[in-house]
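# Results of the structural survey
Next come the chains, spelled out residue by residue.
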Amino acid sequence: MVGNYRAVAFDPAGNAGNGSVWTASFGSDLIEIDLDGNVLNQWPVAGQWSLYGLALDPVTGYLWGHSGGGEIIEIDKGTGLVTGRTLPNPSAGGAQGGL
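Residues numbered from 1 in each chain as written. Predicted model: local features only at pLDDT ≥ 70, side-chain atom pairs only at ≥ 80, totals over all residues. Heavy atoms only, no water.

Before going further, it helps to examine the pairing of strand E7 (residues 72-76). Each regular strand displays side chains that alternate between the two surfaces of the sheet. A large share of E7 lies buried, amounting to 4 of its 5 residues. Pairing analysis gives 4 bridges linking strand E6 (residues 63-66) to E7, with the strands arranged antiparallel. When the sheet's bridge partners are listed, glycine 65 is paired in E7 with isoleucine 73. Sheet topology places E7 next to strand E8 (residues 81-87); 4 bridges connect them, and they run antiparallel. From the neighbouring strand, isoleucine 72 faces E8, where its bridge partner is leucine 87. (Buried < 20%, exposed > 50% of the residue type's maximum accessible area, 1.4 Å probe, protein only. Helix = DSSP H or I, 4+ residues; strand = E, 2+ residues; numbered from the N terminus. Pairing = 2+ DSSP bridges.)

Pasting the structure below:
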């Protein structure tokens, strides 16, 4: 696992509707676990993020992560890939943080 969980997002539709939690920590893999702590999915970091905050978009079902570059990136939870959609850092020059 990733040790200290800095980025955490609950997915009520995850694990076939039983709920799951997505988590990561800085340069770690993105991991989905069920509510008992069993790993369901694990996507390698591949240098695409350094996550400190995660949120689930209830409309699209994608994850948004506050990445090391300061911008907020959209991640496809089905593939673990960054979609290319970003939002600017809400605090110019500031450090990454939660969502």
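We are not done yet, so read on.
Now for unusual backbone geometry. Positive phi is not limited to glycine here, since asparagine 15 has a value of about 55°. Mapped onto the elements of the fold, asparagine 15 is located in helix H1 (residues 14-17). With a phi angle near 55°, alanine 16 is a residue other than glycine that sits in the positive phi range. Tracing the chain through its elements places alanine 16 in helix H1.

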